[in-house]
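Okay, here's what each chain looks like letter by letter:
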Amino acid sequence: SQTIHQWPATLVQPVGSPLSLECTVEGTSNPNLYWYRQAAGRGLQLLFYSVGIGQISSEVPQNLSASRPQDRQFILSSKKLLLSDSGFYLCAWSRVYSGNTIYFGEGSWLTVV
Amino acid sequence: GESVGLHLPTLSVQEGDNSIINCAYSNSASDYFIWYKQESGKGPQFIIDIRSNMDKRQGQRVTVLLNKTVKHLSLQIAATQPGDSAVYFCAETDAQKLVFGQGTRLTINP
(Lines give C-alpha, C1' and ligand atoms only; values in the text may rest on other atoms or scores of the structure.)
Protein backbone atom coordinates (compact mmCIF):
# COMPACT_ATOMS: atom_id res chain seq x y z
CA SER A 1 0.00 0.00 0.00
CA GLN A 2 1.01 3.60 -0.51
CA THR A 3 2.06 5.86 2.32
CA ILE A 4 3.07 9.48 2.53
CA HIS A 5 5.31 10.99 5.18
CA GLN A 6 6.15 14.59 5.85
CA TRP A 7 8.32 16.20 8.49
CA PRO A 8 8.82 17.94 10.76
CA ALA A 9 5.33 17.83 12.23
CA THR A 10 5.74 21.10 14.08
CA LEU A 11 8.27 23.89 13.97
CA VAL A 12 8.68 27.42 15.22
CA GLN A 13 10.99 29.62 13.19
CA PRO A 14 12.04 33.25 13.54
CA VAL A 15 11.29 35.76 10.82
CA GLY A 16 14.05 35.78 8.23
CA SER A 17 15.20 32.23 8.89
CA PRO A 18 15.19 29.51 6.19
CA LEU A 19 12.66 26.70 5.90
CA SER A 20 12.77 23.15 4.64
CA LEU A 21 9.80 20.80 4.82
CA GLU A 22 10.25 17.34 3.38
CA CYS A 23 7.78 14.83 2.01
CA THR A 24 8.25 11.31 0.70
CA VAL A 25 5.82 8.84 -0.83
CA GLU A 26 6.26 5.09 -0.65
CA GLY A 27 4.61 2.26 -2.49
CA THR A 28 4.12 3.96 -5.85
CA SER A 29 6.22 5.34 -8.67
CA ASN A 30 6.01 8.57 -10.65
CA PRO A 31 3.32 10.12 -8.46
CA ASN A 32 2.02 13.64 -8.90
CA LEU A 33 3.03 15.61 -5.81
CA TYR A 34 1.49 18.68 -4.22
CA TRP A 35 2.09 21.21 -1.47
CA TYR A 36 -0.97 22.87 0.07
CA ARG A 37 -1.22 25.50 2.78
CA GLN A 38 -4.05 25.92 5.21
CA ALA A 39 -4.40 28.94 7.50
CA ALA A 40 -6.10 28.27 10.84
CA GLY A 41 -9.83 27.71 10.32
CA ARG A 42 -9.55 28.23 6.58
CA GLY A 43 -9.65 26.23 3.38
CA LEU A 44 -6.87 24.58 1.41
CA GLN A 45 -4.69 26.56 -0.98
CA LEU A 46 -2.58 24.79 -3.59
CA LEU A 47 0.97 26.16 -3.60
CA PHE A 48 2.92 23.85 -5.92
CA TYR A 49 2.43 20.69 -7.90
CA SER A 50 4.85 18.43 -9.73
CA VAL A 51 4.35 15.80 -12.42
CA GLY A 52 7.95 14.56 -12.38
CA ILE A 53 11.52 15.05 -11.19
CA GLY A 54 12.56 18.65 -11.55
CA GLN A 55 9.12 19.72 -12.84
CA ILE A 56 7.47 22.25 -10.55
CA SER A 57 4.43 24.42 -11.17
CA SER A 58 3.64 27.30 -8.87
CA GLU A 59 0.04 28.27 -8.28
CA VAL A 60 0.42 31.51 -6.37
CA PRO A 61 3.11 34.17 -6.04
CA GLN A 62 4.82 33.71 -2.72
CA ASN A 63 7.91 33.60 -0.61
CA LEU A 64 8.25 29.83 -0.95
CA SER A 65 9.77 27.45 -3.47
CA ALA A 66 9.53 23.73 -4.11
CA SER A 67 11.87 21.12 -5.48
CA ARG A 68 11.62 17.50 -6.48
CA PRO A 69 15.11 16.00 -6.45
CA GLN A 70 13.86 12.40 -6.58
CA ASP A 71 10.76 10.71 -7.95
CA ARG A 72 9.05 10.34 -4.58
CA GLN A 73 10.54 13.28 -2.70
CA PHE A 74 9.07 16.77 -2.57
CA ILE A 75 10.61 19.65 -0.62
CA LEU A 76 9.13 22.99 0.34
CA SER A 77 11.65 25.73 1.07
CA SER A 78 12.12 29.35 1.87
CA LYS A 79 15.27 31.41 2.13
CA LYS A 80 13.74 33.98 4.50
CA LEU A 81 10.48 33.33 6.28
CA LEU A 82 7.80 35.99 6.74
CA LEU A 83 5.19 36.14 9.48
CA SER A 84 2.55 35.50 6.83
CA ASP A 85 4.15 32.14 6.03
CA SER A 86 2.70 30.69 9.25
CA GLY A 87 0.18 27.95 8.67
CA PHE A 88 -0.48 24.26 8.25
CA TYR A 89 1.40 22.78 5.29
CA LEU A 90 0.19 19.61 3.67
CA CYS A 91 2.00 17.40 1.21
CA ALA A 92 -0.15 15.23 -1.02
CA TRP A 93 0.13 12.77 -3.90
CA SER A 94 -2.00 11.32 -6.67
CA ARG A 95 -1.52 9.00 -9.61
CA VAL A 96 -2.56 11.50 -12.27
CA TYR A 97 -4.15 14.92 -12.17
CA SER A 98 -7.69 14.56 -13.22
CA GLY A 99 -10.08 11.92 -12.08
CA ASN A 100 -7.97 10.50 -9.32
CA THR A 101 -7.98 11.00 -5.61
CA ILE A 102 -5.34 13.11 -3.90
CA TYR A 103 -4.03 11.62 -0.65
CA PHE A 104 -2.66 13.86 2.06
CA GLY A 105 0.10 13.56 4.60
CA GLU A 106 -0.41 14.45 8.25
CA GLY A 107 0.73 18.03 7.82
CA SER A 108 3.37 20.32 9.29
CA TRP A 109 2.50 23.21 11.57
CA LEU A 110 4.74 26.21 10.95
CA THR A 111 4.73 29.19 13.26
CA VAL A 112 6.89 32.14 12.27
CA VAL A 113 7.68 34.42 15.21
CA GLY B 1 -13.90 27.75 -6.61
CA GLU B 2 -11.39 28.16 -3.82
CA SER B 3 -12.38 30.15 -0.75
CA VAL B 4 -9.24 29.84 1.27
CA GLY B 5 -9.69 33.13 3.10
CA LEU B 6 -13.18 32.66 4.49
CA HIS B 7 -14.14 31.43 7.95
CA LEU B 8 -15.69 28.01 7.86
CA PRO B 9 -19.48 27.69 8.14
CA THR B 10 -20.67 25.39 10.91
CA LEU B 11 -23.32 22.69 11.03
CA SER B 12 -24.49 21.36 14.40
CA VAL B 13 -26.48 18.13 14.63
CA GLN B 14 -27.73 15.86 17.39
CA GLU B 15 -25.96 12.57 17.83
CA GLY B 16 -27.89 9.91 15.95
CA ASP B 17 -29.46 12.33 13.47
CA ASN B 18 -28.55 12.47 9.81
CA SER B 19 -26.20 15.22 8.61
CA ILE B 20 -26.31 16.90 5.23
CA ILE B 21 -23.36 19.00 4.14
CA ASN B 22 -23.69 21.03 0.97
CA CYS B 23 -21.21 22.34 -1.53
CA ALA B 24 -21.55 24.48 -4.65
CA TYR B 25 -18.94 24.11 -7.33
CA SER B 26 -18.08 26.51 -10.10
CA ASN B 27 -16.70 24.61 -13.06
CA SER B 28 -19.36 22.98 -15.21
CA ALA B 29 -16.62 20.99 -16.96
CA SER B 30 -15.50 19.24 -13.75
CA ASP B 31 -15.91 15.50 -14.07
CA TYR B 32 -14.77 14.18 -10.73
CA PHE B 33 -15.68 15.19 -7.20
CA ILE B 34 -14.40 14.12 -3.80
CA TRP B 35 -15.40 14.64 -0.19
CA TYR B 36 -12.67 14.85 2.44
CA LYS B 37 -12.85 14.78 6.21
CA GLN B 38 -10.29 16.72 8.21
CA GLU B 39 -9.96 16.21 11.93
CA SER B 40 -8.25 18.83 14.03
CA GLY B 41 -4.50 18.97 13.45
CA LYS B 42 -4.52 16.24 10.80
CA GLY B 43 -4.42 16.03 7.04
CA PRO B 44 -7.67 15.59 5.06
CA GLN B 45 -8.85 12.01 4.60
CA PHE B 46 -10.72 10.70 1.58
CA ILE B 47 -14.35 9.80 2.32
CA ILE B 48 -16.10 9.20 -0.96
CA ASP B 49 -15.95 10.26 -4.59
CA ILE B 50 -18.31 10.52 -7.53
CA ARG B 51 -17.89 10.96 -11.26
CA SER B 52 -20.00 13.29 -13.34
CA ASN B 53 -21.79 10.44 -15.10
CA MET B 54 -23.43 9.53 -11.78
CA ASP B 55 -25.86 11.43 -9.57
CA LYS B 56 -25.60 9.32 -6.43
CA ARG B 57 -23.07 7.09 -4.76
CA GLN B 58 -23.27 5.34 -1.43
CA GLY B 59 -20.61 4.23 1.00
CA GLN B 60 -20.70 3.06 4.55
CA ARG B 61 -23.04 5.52 6.33
CA VAL B 62 -22.27 8.17 3.71
CA THR B 63 -23.99 9.15 0.47
CA VAL B 64 -22.87 11.71 -2.07
CA LEU B 65 -25.38 13.38 -4.35
CA LEU B 66 -24.43 15.31 -7.46
CA ASN B 67 -26.73 17.75 -9.23
CA LYS B 68 -24.95 18.94 -12.33
CA THR B 69 -27.80 21.20 -13.40
CA VAL B 70 -27.27 23.52 -10.47
CA LYS B 71 -23.65 22.54 -9.82
CA HIS B 72 -24.35 21.28 -6.36
CA LEU B 73 -22.80 18.47 -4.35
CA SER B 74 -23.95 17.13 -1.00
CA LEU B 75 -22.65 14.67 1.56
CA GLN B 76 -25.14 12.84 3.73
CA ILE B 77 -23.97 11.11 6.90
CA ALA B 78 -26.41 8.68 8.45
CA ALA B 79 -26.75 8.30 12.22
CA THR B 80 -24.11 10.89 13.02
CA GLN B 81 -21.63 9.86 15.68
CA PRO B 82 -19.21 11.89 17.86
CA GLY B 83 -16.33 10.64 15.71
CA ASP B 84 -17.87 12.41 12.74
CA SER B 85 -16.92 15.79 14.22
CA ALA B 86 -14.54 17.36 11.73
CA VAL B 87 -14.28 19.81 8.87
CA TYR B 88 -15.63 18.45 5.60
CA PHE B 89 -14.31 19.67 2.25
CA CYS B 90 -15.67 19.07 -1.20
CA ALA B 91 -13.25 19.14 -4.11
CA GLU B 92 -13.65 19.23 -7.88
CA THR B 93 -11.16 18.50 -10.61
CA ASP B 94 -10.10 21.42 -12.74
CA ALA B 95 -8.19 19.83 -15.61
CA GLN B 96 -4.82 19.87 -13.87
CA LYS B 97 -5.55 20.08 -10.17
CA LEU B 98 -8.04 19.55 -7.43
CA VAL B 99 -9.90 22.68 -6.32
CA PHE B 100 -11.31 22.68 -2.81
CA GLY B 101 -14.45 24.29 -1.50
CA GLN B 102 -14.35 26.33 1.67
CA GLY B 103 -15.24 23.51 4.03
CA THR B 104 -17.94 23.01 6.66
CA ARG B 105 -17.30 22.32 10.34
CA LEU B 106 -19.59 19.58 11.64
CA THR B 107 -20.18 19.52 15.39
CA ILE B 108 -22.14 16.83 17.19
CA ASN B 109 -24.40 17.61 20.14
CA PRO B 110 -24.79 14.78 22.67
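Procedures and definitions
Residues numbered from 1 in each chain as written. Chains lettered and ligands numbered in written order. Predicted model: local features only at pLDDT ≥ 70, side-chain atom pairs only at ≥ 80, totals over all residues. Heavy atoms only, no water. Buried < 20%, exposed > 50% of the residue type's maximum accessible area, 1.4 Å probe, protein only. Helix = DSSP H or I, 4+ residues; strand = E, 2+ residues; numbered from the N terminus. Pairing = 2+ DSSP bridges. Contact = heavy atoms within 4.5 Å. Axes fitted to C-alpha atoms, helices over the stretch in contact; angles between N-to-C directions. Disulfide = S-S within 2.5 Å. Polar contact = N/O pair within 3.5 Å; in protein donor to acceptor, adjacent residues only side chain to side chain. Core = buried A, V, L, I, M, F, W, Y, C linked by side-chain atoms within 4.5 Å.

Q: Please clarify how the pairing of strand β9 (residues 97-100) of chain B should be interpreted in this entry.
A: Within a regular strand, the side chains alternate between the two sheet faces. All names here are of chain B. Residues Lys 97 and Val 99 of β9 are buried on one face, and the alternating residues Leu 98 and Phe 100, pointing to the opposite face, are buried as well. The pairing of strand β8 (residues 86-94) with β9 spans 4 bridges and is classified as antiparallel. Bridging from a neighbouring strand, Asp 94 pairs with Lys 97 of β9.

Q: What is the right way to read the environment of Arg105(B) from this model?
A: Along the chain, Arg105(B) falls in strand β10 (residues 104-109). When its relative accessible area of 35% is taken as the criterion, Arg105(B) is described as partly exposed. Each C-alpha atom of the pair Arg105(B) and Ser12(B) lies 8.3 Å from the other, and the pair is 93 residues apart in sequence. Setting aside anything within four residues of it in sequence, one finds Arg105(B) in contact with Gly41(A), Leu8(B), Pro9(B), Thr10(B), Leu11(B), Ala86(B) and Val87(B).

Q: Just to check I follow, could you spell out the sheet that holds strand β7 (residues 72-77) of chain B for this structure?
A: The strands making up a sheet are joined through hydrogen bonds of the backbone, oriented either antiparallel or parallel. All names here are of chain B. Judged by pairing direction, the sheet is antiparallel, and its 4 strands sit side by side in the order β2-β7-β6-β5 without closing on themselves. Each of the sheet's edge strands pairs with one partner strand only, and the pair in question is β2 (19-24) and β5 (56-58). Across this sheet, the average inter-strand angle for adjacent strands is 15°, counted without regard to direction. Both β2 and β7 contribute to a ladder of 6 bridges, which runs antiparallel. Residue pairing across strands places Cys 23 opposite Leu 73, the latter belonging to β7.

Q: How do you make sense of the pairing of β7(B) when you look at a structure like this?
A: Residue and element names in this part refer to chain B. Pairing of strand β6 (residues 62-67) with β7, which is carried by 6 bridges, proceeds in the antiparallel orientation. Counterpart to Val 62 in the pairing with β7 is Ile 77. Hairpin connection between β6 and β7: a loop of 4 residues separates the two successive antiparallel strands, and Lys 71 in this loop has a positive phi of roughly 55°.

Q: Looking at this structure, I do not really get the state of the cysteines. What am I missing?
A: Here a disulfide denotes a covalent bond joining the sulfur atom of one cysteine to the sulfur atom of another. According to the stated counting rule, one finds 2 disulfides over all chains in the structure shown. Two residues share a disulfide in this structure: Cys23(A) and Cys91(A), whose sulfurs sit 2.0 Å from each other. Its torsion about the S-S bond being -75°, the disulfide of Cys23(A) and Cys91(A) is classed as left-handed. Separated by 68 residues along the polypeptide, Cys23(A) in strand β3 (residues 19-26) and Cys91(A) in strand β9 (residues 87-94) bring together distant segments of the chain. Under the relative-accessibility criterion, Cys91(A) is labelled buried at 0%. The disulfide partner of Cys23(B) is Cys90(B), and the gap between their sulfur atoms is 1.6 Å. Pair noted here: Cys23(B) is in strand β2 and Cys90(B) is in strand β8, with a separation of 67 residues, a long-range link.

Q: What should I look at first to understand the environment of Lys37(B) in this one?
A: Residue and element names in this part refer to chain B. Tracing the chain through its elements places Lys 37 in strand β3 (residues 32-38). Remark: the alpha-carbon pair of Lys 37 and Ala 86, spanning 49 residues in sequence, is separated by 6.3 Å. Those residues in contact with Lys 37 that lie beyond four places of it in its chain are Gly 43, Pro 44, Gln 45, Ile 47, Gly 83, Asp 84, Ser 85, Ala 86, Val 87 and Tyr 88. A distance of 2.7 Å separates a polar side-chain atom of Lys 37 from the backbone oxygen of Gly 83.

Q: Would you mind going over the nonpolar core with me for this structure?
A: Residue and element names in this part refer to chain A. Judged by nonpolar contacts, the single largest core of 20 residues is most densely connected at Trp 35, Phe 48 and Tyr 89. For this core, the elements supplying multiple residues, two or more each, are β3, β4 (32-38), β5 (45-52), β8 (73-78), β9 and β11 (108-112). Top element by residues in this core is β3. It accounts for 4 residues. Residues within four places of Phe 48 in sequence aside, it is in contact with Leu 33, Tyr 34, Trp 35, Ile 56, Ser 57, Ser 58, Gln 62, Leu 64, Ser 65, Ala 66, Phe 74 and Leu 76.

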